[in-house]
Amino acid sequence: MTSEVLYSVFAKALGIPLEKVNDDLTYNTIKEWDSTAHMILVAEIEDTFEVMLDTDDIIDMSSVGKCREILKKYDVEC
Amino acid sequence: MQKNADIFNRLDYFLGPALLTDKESVSYAELEQRVAEHALEIEQQCINERGEPCLAALAFENNIESVVNYLAALRAQVPLLLIDPDLNIDMKKAMYEKLGVSIVLSGKAIMQIAPWPFHNTQKPIASSKAKAALLLSTSGSSGAPKSVMLSRDNLISNTNSILDYLPIEQADCAITTLPLHYSFGLSVLNTHLAKGARIVLTKHPLMSKEFWQLFREHGVTSLSGVPFHFQMLQMLRLERMELPQMRYLAQAGGKMSPDLVEHFEGIAKDRDWTLYVMYGQTEATARMAYVPPEVLSGARDSIGKAIPGGRFEIREIGTSELIRSSDQAGELWYFGNNVMLGYAKAATDWTLERVPQQSLATGDIAEWTDNGLVRITGRLSRFIKIRGKRLQLDHIEQAMQSISKDILCCGEDDMLYVVNAPDTETTHQYLRESLGLHPSLYQITEVTELPTLSSGKIDFQKLLTMCNKREGE
């Protein structure tokens, strides 16, 4: 897996162009990343990477970089 | 009816903390002091020598200063418009102008933004008449320029009714899952203050680490939310969380699917919590009905019965004849002391004294169930709810006229269909930015042959069926 896959999951779930996604993008700092988008994002990540995230990881997923870190715990390198 | 504290008069009936944040804790005694002081300042600046108040506005944030402002304005008997802090500045300004807001309350500041429009002399209030104490918006960011006017009696009455069926105790602690400018969120604040309980104020969303840290730190005892919050709680797998103080879950703000009700009913049973499914509207201050938990399993698709002090009627559409049998749907009417004074569209509305209406045509279509509960089957009014917030469809159609004259809107809760709109960036931009809709919450669709009623008007019911069918394909 590459960054591209992770970035495109974010772009799709948040409904923003791919160019706007980077590791520093943070929950609740842009209008598009609200609770609705966050929920869709979690579902999309679970689907794409075939993982089932723990509650603590779901609420900890506060940025794109953080998400990448969390996915490592599930043996997903991206 | 049990005696609950009149929080608009006095707050220091109780010892211990009232409001909690991640930085601060404010006791009831301290809150009383801050409210009393600020009420005096508001009184000085917002009431003229003839005793006439102006209209103040407050962007109600989930913080202590906002709660002090809210309680102080009510104490000073200065009518207060509560608005969404996220509302954009142009919409705020338009609303202030339309309703004749003269003062904005923000933090400790009392700012005059316009001269007072006191053209009509007011007579002393006759005992049968009431004045607007609070103006609440019924819709979210679509900014339909209509506010619900509530009296102090409306607020007290609804608070007492809710406390008659929700088991709120002084030892309880709530947390702001909902914004406080929203009637449901405000009812959580009012009921907890009236019992001397604690409320955690936070801007952190349900799906954040900070929220759950505060939740555990303060031993929160209940969660209140709209169906969307329960979808999030399902995703967070609430059943696996360790929440030893938790006692009950309360849902309102739109119809939750029977599946989701069942899901949380199961969790509640396992964990020895109680699930309250409730129904309300801002027009009725907040709450009109609840499902008694002991009958919920057989009534997952109903809104239950009227709250203590309230009453329902179902009337035939067109003739207004009372429907008593369970096989016929009609419009749901509600009666009670929590029914609003009316809508405010201009300054002349809130300055008038009004005879309380006591009756409300809810705009919902309902039927009686076999055991005398109420089941909602549809909606007469042209609005849908997105994540618990109302969107007026006519208003959106009008606003989108500049994009195309052919645009029609229909939909159901959490799905807006925009019919015959050009699939262009302008359209998406309006929906995403002006209405704040996530792309999963709307669909642009084309319908060449529009269904009509015999009157020639668009048959929106049929149009919705067509859109739904298309989406399913």
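Everything here concerns the structure above.
The following refers to the structure shown. Everything quoted here is computed from the prediction, not taken from an experiment.

### Observations concerning the interface of chain A and chain B
Thinking step 1. Opposite the 22 residues of chain A that make contact, chain B presents 20 residues.
Thinking step 2. Carbon and sulfur atoms make up 61% of the surface buried where chain A meets chain B, a total of about 1,800 Å² over both sides.
Thinking step 3. Summed over the shared surface of chain A and chain B, the result is 3 salt bridges.
Thinking step 4. A salt bridge links Asp60(A) to Lys209(B); the shortest N-O distance between them is 3.2 Å.
Thinking step 5. Inspection of the chain A/chain B interface yields 8 residue pairs in polar contact (both at pLDDT 80 or more).
Thinking step 6. Listing elements by their share of the side of chain A that touches chain B, those giving two or more residues are α1 (3-14), α2 (35-48) and α3 (55-60) of chain A.
Thinking step 7. The element that contributes the greatest number of residues to the side of chain A that touches chain B is α2(A), accounting for 9 residues.

### Section: the packing of α1(A) against helix α4 (residues 64-73) of chain A
Residue and element names in this part refer to chain A.
Thinking step 1. At a closest axis distance of 11 Å, the pairing of α1 and α4 adopts a crossing angle of 125 degrees. Relative to α4, the element α1 is oriented oblique. Here α1 runs over α4; the crossing is right-handed. Together, Ser3, Leu6, Tyr7 and Phe10 of α1 and Val64, Cys67, Arg68 and Leu71 of α4 make up the contact between the two elements.

### Re the pairing of strand β3 (residues 55-59) of chain B
All names here are of chain B.
Thinking step 1. Where burial is concerned, most of β3 is hidden: 4 out of the 5 residues are buried.
Thinking step 2. Both β3 and strand β5 (residues 101-106) contribute to a ladder of 4 bridges, which runs parallel. Looking at β5, one finds that Leu55 is bridged to Val101.
Thinking step 3. Pairing analysis gives 4 bridges linking β3 to strand β4 (residues 80-83), with the strands arranged parallel. Note that in β4 the partner of Ala57 across the bridge is Leu81.
Thinking step 4. Read as a crossover between parallel neighbours, the route from β3 over helix α2 (residues 64-76) to β4 is right-handed.

About the cut-offs
- Residues numbered from 1 in each chain as written.
- Chains lettered and ligands numbered in written order.
- Predicted model: local features only at pLDDT ≥ 70, side-chain atom pairs only at ≥ 80, totals over all residues.
- Heavy atoms only, no water.
- Contact = heavy atoms within 4.5 Å.
- Buried area = accessible area lost by both parts, 1.4 Å probe.
- Salt bridge = Lys/Arg side-chain N within 4 Å of Asp/Glu carboxyl O.
- Polar contact = N/O pair within 3.5 Å; in protein donor to acceptor, adjacent residues only side chain to side chain.
- Helix = DSSP H or I, 4+ residues; strand = E, 2+ residues; numbered from the N terminus.
- Axes fitted to C-alpha atoms, helices over the stretch in contact; angles between N-to-C directions.
- Parallel < 35°, antiparallel > 145°, perpendicular 65-115°, else oblique.
- Left-handed = near helix turned anticlockwise from the far one by under 90°.
- Buried < 20%, exposed > 50% of the residue type's maximum accessible area, 1.4 Å probe, protein only.
- Pairing = 2+ DSSP bridges.
- Right-handed = clockwise from strand over helix to strand, strands pointing away.

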